[in-house]
Amino acid sequence: MLDNLSVNKRAAILSIVMLVVGLLIWEAAIPAQKAAGELTEYERLTGGGAQKAGVPPPSQVIVKAWQELSNPFYDAGPNDKGIGIQIGYSIYRVLSGYFLAALVAIPLGFLIGMSQTAYKAFNPFIQVLRPISPLAWMPLALFIIQDSEASAIFVIFVCSIWPMLLNTAFGVAGVREDWVNVARTHELGALKTAFTVILPAAAPTIVTGMRISIGIAWLVIVAAEMLVGGTGIGYYVWNEWNNLDLTSVIFSILMIGVVGMMLDAVFGVLQRAVAYAE
Amino acid sequence: MSKPFLSIERLTQQYPDGQGGTLTVFENASFGIEKGEFVCILGHSGCGKSTIMNILAGLAEPTSGVVKMDGFAVSGPSLDRGVVFQNYSLLPWLSALKNVTFGIKARYPSWSADKVEAHARDFLAKVGLEGDVVYRKPSQLSGGMRQRVSIARAFANHPKLLLLDEPFGALDALTRGTIQEELLKIWSGTEQTVFMITHDIDEAILLADRILLMTNGPFARVAESVEITIPRPRSRTEIVEHPNYYAIRNHLVQFLGQRSKELAGQQSDVPDQRPETVRIDVSETETATEGSAPPPLRAVNT
Ligand SMILES: Nc1ncnc2c1ncn2[C@@H]1O[C@H](COP(=O)(O)OP(=O)(O)OP(=O)(O)O)[C@@H](O)[C@H]1O
Ligand SMILES: [Mg+2]
């Protein structure tokens, strides 16, 4: 019966089977909470009667997800905001830092890609700065900027600049000389050449860099928000861990994955739009 | 004799040879091309044809010497010199139509978008590209189609000088013949001058008013300038019957097969190495007078 289905359909069926089996195993592996009557004397004395923090079964997570997602934007004070608001804060920070980085990285990458001298001059700095974990900048950023919000954005800026910078430089440097010669024989000026020949020629490489950057930025924001606190999905995870609400922790982990996937998908679309075959 | 439209004066090109010395590709090469002339250049691989063409296009600087067009020294590329590159050099992210409008917009910045597009379609139609094909990207076109887009792009700009680097090199004989005829058709309706590199002797005889022959490098020379004394319009099937055809062809084959080697590597002290004019005309040998230029052999090919 499976034989006459398309590859996509077969894969989808397999995915669903894996999901269901995984969830069932997970559900079965969690021991049920003991009822209060079965508690021993000792447990009653040590407070064991309170709801124990254990890994919740998937059914609880699904219930939690349903609750949260049916009212994602409620705001009941600093420690109790809807998941939608928290994710909104995180996306806002990621995009701010990311676009600032793009604003610097793409023009600078152009310069580095077009000129051997600029490449050689910038290279040592790039080589030293690039391997630094973006979170290592956090204390310095907090001290200099004196603002946790701006510091988080700065950390995103620092982590997303490198892939964009290097890919832009690489893409621009690799533009076929034939195409540049086409621009030259048509007497195009430097700016016109940059926009009508070099940019479209290097666009696939540049967008690949942008896609890598957004992925890294989304990885880093969670850690950054755990450090600076206040708002955001990273803070939410940390806060729920402090509340020992593991159901919420698991739910937010899943949300981080879903949002990351969507951000990546946007750049996937962009990548397809600028791709060309030689 | 008045200055020709295009004059190449004492052109020398040297490159480092990779072992600390210099490689002289050619030295003091001088020749002229008249307005409206169709000139082909033949020579063995590596003798420096592409190098000469890049200098004519203004894409490369010679080690010494000048190229003058209309009396002015060429410095840098110009819209007056259209180039059809050996590998087509179409921009792969643009459709065939957009590749042609790209050139026209650069040439006529004041034209409206409609006019630019109509002009582009006109020239694409001249090379036989009409309908949906013009919306395809170069990667979706066959080699011959790409070549034609490239030719349309160059011709649509009405350059005074057209430079073609082995434009039909990768095509099969049939497509090649069709495009050759299209090229002649477009060229014969204009005042354009064509300088074309080719490896194909028959193609050169079919197309050219004059064929320049280069000796092997290093120290290559443009040794001879052979006039093609076959009246136009010419067609591939008919020129072989013309009495001059085999005489000219034999001369060219003999040069490329033998004399290009014998003459190679002779470093001469002559400051100006002009090619020797060769006129082969078995039907009117007595009237061929050296030095006086014959009327340009041009007719509209129908
Ligand atoms: N940038 C360069 N550096 C060093 N040598 C070069 C360079 N460009 C060309 N040459 C040399 O100059 C000579 C002429 O090259 P050119 O490309 O003009 O040959 P060609 O006549 O066009 O050959 P083909 O028919 O194979 O295209 C060759 O010997 C080549 O090795
Ligand atoms: Mg060549």
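Analysis parameters
- The numbers attached to residues start from 1 for each chain and follow its sequence in the written order.
- Each chain is given a letter, starting from A, and each ligand a number, starting from 1, according to the order in which they appear as written.
- Restriction of local features to residues with pLDDT of at least 70 applies here, the model being predicted, together with a cutoff of 80 or more for giving and counting side-chain atom pairs; totals for whole chains, interfaces and linings are based on all residues.
- Values shown for side chains rest on all heavy atoms present in the structure; no hydrogens or waters enter the calculation.
- In this analysis, two residues are considered to be in contact whenever any of their non-hydrogen atoms come within 4.5 Å of each other.
- Any Lys or Arg side-chain nitrogen located within 4 Å of an Asp or Glu carboxyl oxygen qualifies as a salt bridge.
- Secondary structure elements are defined from DSSP: runs of H or I of at least 4 residues count as helices, runs of E of at least 2 residues count as strands, and each element is numbered from the N terminus.
- Under the scheme applied, nonpolar residues are Ala, Val, Leu, Ile, Met, Phe, Trp, Tyr, Cys and Pro; charged residues are Asp, Glu, Lys and Arg; polar residues are all the others, including Gly.
- Exposure categories follow from relative accessible area, calculated using a 1.4 Å probe and restricted to protein chains: below 20% of the type maximum is buried, above 50% is exposed, and the middle band is partly exposed.
- Only C-alpha atoms enter the line fits that serve as axes; for helices the fit covers just the stretch in contact. Angles between N-to-C directions range over 0 to 180 degrees.
- Roughly parallel here means an angle under 35 degrees, roughly antiparallel means over 145, roughly perpendicular means 65 to 115, and every remaining angle is called oblique.
- Here a residue is considered near a molecule or strand provided that any single heavy atom belonging to it is located within 4 Å of it.
- Each polar contact in these results corresponds to two N or O atoms within 3.5 Å; when the atoms are within protein, one needs to be able to donate a hydrogen and the other to accept it, and residues that are neighboring in sequence are counted only if both atoms are side-chain atoms.
- Each accessible area is a Shrake-Rupley estimate made with a 1.4 Å probe; only the visible protein chains count as cover when residues are assessed.
- In plain terms, two cysteine sulfur atoms within 2.5 Å form what is called a disulfide here.
- Lining residues are those with an atom within 4 Å of a point, where the points come from a 1 Å grid over the protein atoms alone and group into cavities, where a 1.4 Å probe fits but cannot get out, or pockets, open sets with protein on both sides within 12 Å along at least five of seven lines.
- Grid points are joined across faces, edges and corners, and a volume is the space filled by probe spheres set on the points.
- Here is the rule: rings of Phe, Tyr and Trp (six-membered ring for Trp) pair when centre to centre is within 6.5 Å. Planes less than 30 degrees apart are stacked, more than 60 are edge-to-face, and the remainder are tilted.

Undergrad: Would you explain the interface of chain A and chain B in this entry?
TA: For an interface, size is often stated in terms of accessible area lost upon the parts coming together. Taken together, the contacts link 17 residues of chain A with 19 residues of chain B. Taken together, the links from chain A to chain B amount to 0 salt bridges. The element best represented in the side of chain A that touches chain B is helix α8 (residues 177-185) of chain A, accounting for 6 residues. Split by residue class, the side of chain A that touches chain B holds 8 nonpolar, 4 polar and 5 charged.

Undergrad: Help me understand unusual backbone geometry, please; the structure alone is not making it clear to me.
TA: Among all residues save glycine, negative phi is the norm, and among peptide bonds the norm is trans. Residue Arg 232 of chain B is joined to Pro 233 of chain B through a cis peptide bond whose omega torsion reads -5°. With respect to the element layout, Pro 233 of chain B can be found in the loop between β10 (222-227) and α7 (236-239). One non-glycine residue, Glu 187 of chain A, lies in positive phi territory at about 55°. Residues other than glycine seldom take positive phi values, yet Asp 70 of chain B does so here, at roughly 55°. Mapping Asp 70 of chain B onto the fold places it in the loop between β4 (64-69) and β5 (72-73). Its relative accessible area of 39% is what places Asp 70 of chain B among the partly exposed residues.

Undergrad: Would you mind showing me how to read the packing of helix α4 (residues 83-114) of chain A against helix α10 (residues 233-242) of chain A here?
TA: Geometrically, a packed helix pair is captured by the angle between its two axes and the distance between the axes. Residue and element names in this part refer to chain A. Two elements in contact, α4 and α10, have axes whose closest approach is 7 Å; the angle formed by their N-to-C orientations is 130°. Here α4 lies oblique to α10, going by the angle between them. The residues of α10 that touch α4, namely those facing Ile 83, Gln 86, Ile 87 and Ser 90, are Ile 233, Gly 234 and Tyr 236.

Undergrad: Hey, could you run me through the site of ligand 1 in this one?
TA: All names here are of chain B. As a matter of local geometry, ligand 1 sits amid Tyr 15, Val 25, Ser 45, Gly 46, Cys 47, Gly 48, Lys 49, Ser 50, Thr 51, Glu 166 and His 199. Residue Ser 45 places a side-chain N or O atom 2.5 Å away from an oxygen atom belonging to ligand 1. In isolation ligand 1 exposes 640 Å². Once the protein is present, 61% of that is buried. Its residues assigned to classes, the shell around ligand 1 shows 3 nonpolar, 6 polar and 2 charged.

Undergrad: Explain the state of the cysteines here, please?
TA: Cysteine pairs can be covalently joined through their sulfur atoms, and such a bond is termed a disulfide. All names here are of chain B. All told, the structure shown has 0 disulfides over all chains when counted by the stated rule. Here Cys 40 is not cross-linked by a disulfide; its sulfur's nearest cysteine counterpart is in Cys 47, at 14 Å. Taking the relative accessible area as the measure of exposure, Cys 40 reaches 0% and is therefore buried. Judged by its relative accessible area of 1%, Cys 47 is buried.

Undergrad: Can you help me understand empty space enclosed by the protein in this one?
TA: Any space left empty among the atoms is revealed by the rolling of a water-sized probe across them. Per the stated rule, a full pass over the model turns up 5 cavities of 30 Å³ or more. Taken as a whole, the largest cavity spans an internal volume of roughly 90 Å³. Lining the largest cavity are Thr 185 and His 186 of chain A together with Leu 79, Arg 81, Gly 82, Val 83, Phe 85, Arg 153, Ala 154 and Asn 157 of chain B. Every element with two or more residues in the lining of the largest cavity is listed here: β6 (81-84) and α4 (143-156) of chain B. Tallied by class, the residues present in the lining of the largest cavity amount to 4 nonpolar, 4 polar and 2 charged.

Undergrad: Mind showing me how you'd approach the packing of aromatic side chains here?
TA: Residues and elements named next belong to chain A. Counted according to the given criterion, the structure contains 11 aromatic pairs over all chains. Considering the side-chain rings of Tyr 98 and Phe 267, the 5.7 Å spacing of their centres and the 75° angle between planes classify their relative orientation as edge-to-face. Linking Tyr 98 in helix α4 with Phe 267 in helix α11 (residues 246-274), this pair joins segments that are 169 residues apart in sequence. Its relative accessible area of 0% is what places Tyr 98 among the buried residues. Judged by its relative accessible area of 9%, Phe 267 is buried. Aromatic pair Phe 154 and Phe 157: ring centres 6.3 Å apart, planes at 25°, arrangement stacked. Remark: Phe 157 and Phe 154 occur in helix α7 (residues 148-173); sequence separation between them is 3 residues, near one turn of the helix. One aromatic cluster is present, formed by Tyr 98, Phe 99 and Phe 267 through successive ring pairs.

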